[in-house]
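Structural description and commentary
If you want the building blocks of each chain, they are given just below.
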Amino acid sequence: MHDDRSLVESRLKRVLEERVIPAIYPESVPLRIGIWVAPGEPVPVAEGLAAPRTPIEAGAQWGAPWGTSWLTVSGTVPTAWAGKTVEALIDLGFDKNMPGFQCEGLVYRPDGTPVKGLNPRNQWVRIAAPAVGGEEVLLHVEAASNPVVLDYHPFLPTPLGEKETSGDEPQYRLQRIDLAVFDEDVWNLVQDLEVLGELMLELPEDSGRRYEILRAIERSLDAIDLQDVNGTAAAARSQLLGVLSVPATASAHRLSAVGHAHIDSAWLWPLRETVRKVARTTANMTALLDDEPDFVYTMSQAAQYEFVKVHRPEVYDRVKKAVAAGRFVPTGGMWVESDTNMPGSEAMARQFVHGKRFFLDEFGIENDEVWLPDTFGFAGGLPQIIKAAGSKWLLTQKISWSQINKFPHHTFLWEGIDGTRIFTHFPPIDTYNCSMHGREIAHAARNFKDKGVARHSMAPTGWGDGGGGTTREMIAKAARMRDLEGSAKVVWEKPADFFAKAEAEYANPPVWVGELYLELHRATLTSQAKTKQGNRRSEHLLHEAELWAATAAVRTGHAYPYEALDRIWKTVLLHQFHDILPGSSIAWVHREAEATYAVVAAELDTIIDAAQRALAGDPASGDVIVFNAAPHTRGGVAPGAGSRASVGSAGCSLSTRDDGGFVLDNGLIRVTVDQRGLVTSVYDIAAGRESLAPRQPGNLLQLHPDFPNMWDAWDVDKFYRNTVTDLTDADEVTITLDTDEAVAVRVDRSFGSSKAVQTLTLTAGAKRLDIETEVDWHETEKFLKLAFPLDIHTERYASETQFGHLYRPTHTNTSWEHAKFEACNHRFLHFDEPGWGVALVNDSTYGHDVTRTVREDHGTTTTVRASLLRAPRFPDPETDQGTHRFRHALVPGAGVGDAVREGCAINLPERRMPGDTEVAPLVGMDNDAVIVSAVKLADDKSGDVVVRVYEARGGRAETRLTAGFPHAGVAICDLLERRAADSEGPELVADGAIRLKLRPFELVTLRFTRRSTGA
Ligand SMILES: [Zn+2]
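Fair warning: this is a prediction, and the values are worked out from it, not measured in the lab. (Residues numbered from 1 in each chain as written. Predicted model: local features only at pLDDT ≥ 70, side-chain atom pairs only at ≥ 80, totals over all residues. Heavy atoms only, no water.)

Counting its regular elements, the chain contains 19 helices and 53 strands. Viewed in the frame of its principal axes, the chain has a C-alpha envelope of about 100 × 75 × 60 Å. The buried share of the chain, reckoned over its 1015 residues, is 62%. Residue pairs in contact within the chain that sit at least 24 positions apart in sequence constitute 75% of those at least 6 positions apart. Looking at the chain as shown, the accessible area adds up to about 36500 Å², and 50% of this sits on carbon and sulfur atoms. (Helix = DSSP H or I, 4+ residues; strand = E, 2+ residues; numbered from the N terminus. Buried < 20%, exposed > 50% of the residue type's maximum accessible area, 1.4 Å probe, protein only. Contact = heavy atoms within 4.5 Å. Areas by Shrake-Rupley, 256 points an atom, 1.4 Å probe, with all protein chains shown as cover.)

If you want it as structure tokens, here you go:
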């Protein structure tokens, strides 16, 4: 037989596009349109509904960037349409390829009830089926003219990401706004032809099935009268029944589809727009659930449920009903889909506490699966946190974006730094926005790496990133692929049902140990420094606020600020969303974040101040109480205690060298600073050991050009290192402090359009060189690093993550190691040879790189560089411009325990309060390897004291933990402060103390039941 395959394929494409799809709506009449442009920010619904309308025609321009227009569309159903299905078609000027990235609308009835969301793939509103002739139609649309920020020419700098700079040029033109007859036969024919046409193209060219489908399609096209598609659609469909009813083969891949709309809590739109995005999508999805009995929809991010609850309660009522029916499924159990690289230990834990508690309180649901499809890499501390929160499964898709190495599994056990294993699934469909296209379905089946031992994978289905969700077309296509030869078998399923099946069928899944590093978006560890500093500062202020408020509550009856702490935690958690903390949002988002963090800091300072005032006693005593929130004794003050200020140590000296440089000495270390302000020696006096490599100065600021091939705020490409400028010229090097207690040198540098001022300080009694760097940054597309070439021979180094640290290699033997050229640290990095090491600690930076070279003297130089600032121009063209302050410290002679201690200390500086009362800690421990992560009152307001500790050095540890208050018992709990089901409770020893034995990096949450002192 002659091969006419391509002829029939081309025929299908043209007939579908030009004749069949347009025939879905064979008759239409225009609707009348009125518009009211809200001045400024969005207005309440009642105000929008009541505002006077001005007539406007289809074809008219509308919509300044970030504006809101209220449209009224009205008309009458023609009498001739009686008995037919009638829909309103509202095209606000959509580009059908950009749902969620441009204008959107929410449709209301005249009484203010939300109907559904409008987006490029959802322009219809069902009016009646069957229609009554003469029926009046009146709908209102709250239309948001959100501008297209990620343009057709992506990554060009744009002023559209900030309201003040976005102008008032109309962004859209109203298109078809009609009342129309919907022909369901034709619509079904479109779905039949699309499913078969797409499947056919994925089948092997020599397969019989492919040709059976081809011939059926040809017969169907023959049956269509192109001048009367509506009259012949049924006949055309009947030609396809045969090929559509052939069941799937026994070995067909099983695809668990779940309706979904990934909604970034802020990104190319501000937080306030997300509130409306969520309302539109959830209105749309609850409506779709009513229409489609097999459909299941899932939504993550408790914060987004709260957005709907507060801002669109009518929509929330529909969500609650659908959740109760088991068809709208809360997933993830986190407050937001956060970044997981940068959030600190407690914050990562609280993402689950607040997410899970919201679902429990609102719906009585606790889900077992963690849902992080789009997060930029996964820290090695996460598995233990997932388990401690009571969850057991993880879904993510993002690792498929890795630039270099292909991840070897789609279903596997992920083992964290402490040994906890979590059953994890990467959907092989390689998208969290599946559209049920045949190409995607076939890719999932082909791509699945666990074939032969597993058969199930997942497909989160629906328009996402900016919302939108699943469409009726996706559901129709899924129904046809339920049991269809040549296709994977598609069913709608809850995430938990998928995970249960996947786990049951896979007895011994492969194991991946350590972080799930994303080989992309590495610059998100540095971009938007103020957002990152706000996060780090807030996390530690929250630690202090809980600690001192709990101490004051237990000791003095001071009122514990439950509501304020709950609210502030949720604010900080919201800003850990995977486009806010990573610095990849528009200027508007980061400007607001900076202001929000300032409010958070002020409020927490007030809480801390009030608690310490309550504890410190007589403010007129003339004494001062020093409070230590760090988890190790400092200056003689125990962790969690307050003590009278003691006289500080002495013994510092500063001398000027003949060459114009300086020598700073505190008896523990001796630091040499040359006339250029570079550190040429950091000498550990007791060990007789130099920290820095010979003739390679430390404290070196280095400037690289940084213009990635795409994703400017997200990415730094490896070639940035090919060009570097060492900032060795100093404007001035001066002594700023020269006392027995401390000595300091200040270095001023100018470079490009920027200035850097660094202060290098040695304090008596502290084996550490403190470096404060203030940068007035006005560069464009540059990367600023702070380098320390260490004289250390090691193949790996430690980097702090949640509840511990992980090791990364210093070499690039394999492509996997080569790809990790920029990585995340929390408060410390640690490098050592047996018996001696160096730590670099920081108060607010996350990105770093480590490289090694072998010198002519055969020694190894291990260079660590902290990433300070970038200046990408998309999506915020002014990223990081302005003044920034960073604190780092180099700690010679440090073991990993010293790195832990100094990392905590630099983030939790001591506080002083006038007073005369010594404050004993609520919790005492006798092993420095075990540190306190949180001390707080229980969230249930019972007054119980909750203490979370963990082993911080990576070894086994035993500690005696003493409660500094009377208690009636103690239980081991999960993160939600519930008694752990499998726990017998800690071992009690004398005087109400307990003995804890911890595995490496093990976290333990204890809950002490209070006993009143008077009883
Ligand atoms: Zn996202």
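After presenting the structure, the write-up continues.
Taken together, the protein donors to the zinc ion comprise His-262 (NE2), Asp-264 (OD), Asp-374 (OD) and His-578 (NE2), at separations of 1.9 to 2.1 Å. One can describe the site at the zinc ion as irregular: its four donor atoms subtend angles covering 91 to 159 degrees at the metal. Expressed as a motif, the donor residue spacing for the zinc ion is H-x1-D-x109-D-x203-H. Neither His-262 nor Asp-264 differs from the other in exposure class; each is buried. (Donors = N, O, S within 2.8 Å, 3.2 Å for Na, K, Ca; no water. Tetrahedral: all angles 85-135°; square planar, octahedral: opposite > 155°, others 65-115°.)

Our next topic: the side chain of Thr-72. Note that Thr-72 resides in strand S5 (residues 67-76). Separated by 2.6 Å, the side chains of Thr-72 and Arg-53 make a polar contact. Setting aside anything within four residues of it in sequence, one finds Thr-72 in contact with Arg-32, Ile-33, Gly-34, Arg-53, Leu-138, Leu-139 and His-140. (Polar contact = N/O pair within 3.5 Å; in protein donor to acceptor, adjacent residues only side chain to side chain.)

Attention now goes to the packing of helix H1 (residues 5-20) against helix H3 (residues 184-202). The geometry of a pair of packed helices is captured by two quantities: the angle between their axes and the separation between those axes. In contact at an axis separation of 11 Å, H1 and H3 are set at 155 degrees when each is read in the N-to-C sense. Between H1 and H3, the crossing angle belongs to the class labelled roughly antiparallel. Judged by the twist between their axes, the crossing of H1 over H3 is left-handed. Side by side, H1 and H3 meet where Glu-9, Leu-12, Leu-16 and Val-20 of the first sit next to Val-186, Leu-189, Val-190, Leu-193, Glu-194, Gly-197, Met-200 and Leu-201 of the second. In the contact of H1 with H3, the residues fall into nine nonpolar, one polar and two charged. (Axes fitted to C-alpha atoms, helices over the stretch in contact; angles between N-to-C directions. Parallel < 35°, antiparallel > 145°, perpendicular 65-115°, else oblique. Left-handed = near helix turned anticlockwise from the far one by under 90°. Nonpolar A, V, L, I, M, F, W, Y, C, P; charged D, E, K, R; others polar.)

Turning to the sheet that holds strand S19 (residues 421-425), a few remarks are in order. Strand order in the open sheet formed by five strands is S16-S17-S19-S18-S22, with mixed pairing between adjacent strands. The open sheet terminates on both sides in strands that have one partner only, identified here as strand S16 (369-371) and strand S22 (511-513). Each strand of the sheet is rotated relative to its neighbour by a mean of 30 degrees, with strand direction disregarded. Alignment of strand S18 (residues 411-415) against S22, held across three bridges, turns out to be parallel. Within S22, the residue paired with Glu-415 across the bridge is Val-513. This element, helix H14 (residues 495-505), spans S16, strand S17 (393-395) and S19 of the sheet and lies at about 110 degrees to S17. (Pairing = 2+ DSSP bridges.)

Below, the discussion takes up the sheet that holds strand S46 (residues 923-925). Ordered by their spatial adjacency, four strands build an open sheet running S46-S49-S52-S51, and the pairing between neighbours is antiparallel. Only two strands of the sheet have a single neighbouring strand rather than two, namely S46 and strand S51 (987-988). Examined bridge by bridge, strand S49 (residues 957-963) and strand S52 (residues 994-998) share five bridges and lie antiparallel to one another. Bridge pairing in S52 places Thr-959 opposite Leu-996.

One pass over the full model with this rule turns up 82 salt bridges. For Glu-603, the salt bridge goes to Arg-567, with nearest N and O atoms at 2.7 Å. Taken together, the residues span a long stretch of sequence, with Glu-603 in helix H17 (residues 587-616) and Arg-567 in helix H16 (residues 562-574) at a distance of 36 residues. Accessibility expressed as a relative area gives 25% for Glu-603, which makes it partly exposed. On the accessibility criterion, Arg-567 (43% relative accessible area) is partly exposed. (Salt bridge = Lys/Arg side-chain N within 4 Å of Asp/Glu carboxyl O.)

For the bond from Ala-129 to Pro-130, the omega torsion is 5 degrees, close enough to zero to count as cis. Even without glycine at this site, Trp-66 takes up a positive phi of about 65 degrees. With a phi close to 80 degrees, Asp-465 is a non-glycine residue in the positive phi region. Looking at the secondary structure, you find Asp-465 in the loop between strand S20 (456-461) and helix H13 (472-480).

The terminal C-alpha atoms of helix H15 (residues 529-556), which comprises 28 residues, lie 39 Å apart, in line with the 40 Å expected from a rise of 1.5 Å per residue. Within H15, 24 of the 28 residues are buried, which leaves the element mostly enclosed by the surrounding structure. (Expected span 1.5 Å × (residues − 1).)

What follows concerns the packing of aromatic side chains. Aromatic ring pairs are reported here in terms of the distance separating the ring centres and the angle at which the planes meet. Under the counting rule described, the total for this entry stands at 41 aromatic pairs. Judged by centre distance (5.2 Å) and plane angle (5 degrees), the ring pair of Trp-393 and Phe-499 falls under stacked. Of this pair, Trp-393 sits in strand S17 while Phe-499 sits in helix H14, and the two are 106 residues apart along the sequence. Geometrically, the ring pair formed by Tyr-797 and Phe-831 is stacked, given 5.3 Å between the ring centres and 15 degrees between the ring planes. (Phe/Tyr/Trp six-rings, centres within 6.5 Å; stacked < 30°, edge-to-face > 60°.)

This part takes up the environment of Pro-26. For Pro-26, the location among the structural elements is in the loop between H1 and strand S1 (28-30). Of the residues examined, Pro-26 reaches a relative accessible area of 39% and is grouped as partly exposed. Linking Pro-26 and Asp-183, residues 157 residues apart in sequence, is a C-alpha distance of 7.3 Å. Contact partners of Pro-26, with chain neighbours within four places excluded, come to Val-181, Asp-183 and Asn-230.

Both faces of strand S26 (residues 662-665) are covered, namely the face carrying Phe-662 and Leu-664 and the face carrying Val-663 and Asp-665. Two elements, strand S25 (residues 653-656) and S26, share four bridges in a ladder whose sense is antiparallel. Each bridged residue has a counterpart across the sheet, and for Ser-655 the counterpart in S26 is Val-663. Counted along the chain from S25 to the antiparallel partner S26, the turn is five residues long, and its residue Gly-660 has a positive phi close to 95 degrees. By the bridge criterion, four bridges tie S26 to strand S27 (residues 669-673) in an arrangement that is antiparallel. Its bridge partner being in S27, Asp-665 is matched across the sheet by Arg-670. Linking S26 to S27, which pair antiparallel, is a turn of three residues; within it Gly-667 sits at a positive phi near 85 degrees.

Moving on: the environment of Val-935. Looking at where Val-935 falls in the secondary structure, it is placed in strand S47 (residues 930-937). The exposure class of Val-935 is buried, given its relative accessible area of 4%. When the C-alpha atoms of Val-935 and Gly-462 are compared, they prove to be 42 Å apart, with 473 residues separating the residues in sequence. Sequence-distant contacts of Val-935, that is, excluding residues within four places in its chain, are made with Glu-546, Leu-547, Ala-550, Leu-922, Val-923, Val-945 and Val-946.

All right, on to H17 then. End to end, H17 covers 43 Å across 30 residues, agreeing with the expected 44 Å (1.5 Å per residue, within 8%). Downstream of H17 by one or two residues, Gly-617 has phi in the positive range, about 85 degrees.

Below, the discussion takes up the packing of H15 against H16. In the contact formed by H15 and H16, the axes pass within 11 Å of each other and the chain directions differ by 160 degrees. Between H15 and H16, the interaxial angle falls into the category roughly antiparallel. For the pair H15 and H16, the sense of crossing is left-handed. Residues Asn-535, Ser-538, Leu-542, Ala-545 and Glu-546 of H15 pack against Leu-565, Ile-568, Trp-569 and Val-572 of H16. Looking at the contact of H15 with H16 residue by residue, the classes come out as six nonpolar, two polar and one charged.

To continue, consider the environment of Ala-46. Among the secondary structure elements, Ala-46 is positioned in helix H2 (residues 45-50). Of the residues examined, Ala-46 reaches a relative accessible area of 59% and is grouped as exposed. Along the backbone, Ala-46 and Gly-112 are 66 residues apart, and their C-alpha atoms lie at a distance of 7.1 Å.

Let us look at the pairing of strand S2 (residues 32-38). Among the seven residues of S2, five are classified as buried, and the element is accordingly described as predominantly covered. Pairing of S2 with S5 involves seven bridges; the strand directions are antiparallel. Residue pairing in the sheet places Ile-33 in a bridge with Val-73 of S5. Bridge analysis of S2 against strand S3 (residues 54-56) gives three bridges, and the strand direction is antiparallel. Directly across from Ile-35, in S3, lies its bridge partner Thr-54.

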